[in-house]
Amino acid sequence: VEPSKRVEFTATLSTCAVLGFVAGPTIGALLSMIDTTVFGLKIGANNAPGIFILLANFIMMVQTTLFFDGKDDRTGEIVDEADEEEQVDSSSGTSGYKPFNYMGVAVSMFLFY
């Protein structure tokens, strides 16, 4: 992250964390009121939060798979000019950076989700 953008990104991250601390218990309270059956599966206060998390993570995984291509990624290490032809995919538009690591993202998605 550029030094001029660090404060902005840190503030955004902190805001999201606080919103999570507020929204988490609120969603949990709402889910605890559910008492229904869907396709023969009884959904109640004990398993509704788990089903909600399962669905939310599945949606995030699908969105990441479909919409994250890494072409705007600027976090790779800058490579030497001499090694640039060997290490950098010129079609990705990230001249001066190592190519995007698709396998790393796939493994991280599998482990995280």
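The present account deals with the structure reproduced in this document. (Residues numbered from 1 in each chain as written. Predicted model: local features only at pLDDT ≥ 70, side-chain atom pairs only at ≥ 80, totals over all residues. Heavy atoms only, no water.)

**With respect to the overall build of the protein**
The helix and strand inventory of the protein stands at four helices and two strands. Each of the 113 residues in the protein was classed as buried or not, and the buried ones make up 11%. Put simply, 23% of the contacts in the protein that link residues at least 6 apart link residues at least 24 apart. As presented, the protein carries roughly 9300 Å² of accessible surface, and 65% of it is formed by carbon and sulfur atoms. (Helix = DSSP H or I, 4+ residues; strand = E, 2+ residues; numbered from the N terminus. Buried < 20%, exposed > 50% of the residue type's maximum accessible area, 1.4 Å probe, protein only. Contact = heavy atoms within 4.5 Å. Areas by Shrake-Rupley, 256 points an atom, 1.4 Å probe, with all protein chains shown as cover.)

**Observations concerning a nonpolar patch on the surface**
The grouping of Phe 58, Ile 59, Val 62, Leu 66 and Phe 67 at the surface amounts to a nonpolar patch, some 540 Å² of accessible area in total. Mapped onto the elements, Val 62 comes out in helix 2 (residues 48–67). Given the relative accessible area of 32%, Val 62 is considered partly exposed. (Patch = residues over 30% accessible without salt bridge, like charges linked within 9 Å, V, L, I, M, F, W, Y side chains within 5 Å. Salt bridge = Lys/Arg side-chain N within 4 Å of Asp/Glu carboxyl O.)

**Section: the environment of Thr 15**
Topologically, Thr 15 is positioned in helix 1 (residues 6–31). Judged by relative accessible area, Thr 15 falls into the partly exposed class, the value being 45%. At 2.8 Å, the side chain of Thr 15 forms a polar contact with the backbone oxygen of Ala 11. (Polar contact = N/O pair within 3.5 Å; in protein donor to acceptor, adjacent residues only side chain to side chain.)

**Comments concerning the pattern of salt bridges**
For the structure shown, the criterion picks out two salt bridges. One salt bridge in this structure joins Glu 8 and Lys 5, with 3.7 Å as the shortest N-O distance. A residue is classified by how much of its surface remains accessible, and Glu 8, at 44% relative accessible area, is partly exposed. Residues Asp 35 and Lys 42 are paired through a salt bridge, measuring 2.6 Å at the closest nitrogen-oxygen approach. You can call Asp 35 exposed: its relative accessible area is 60%. Residue class for Lys 42 comes out exposed when judged on its relative accessible area of 52%.

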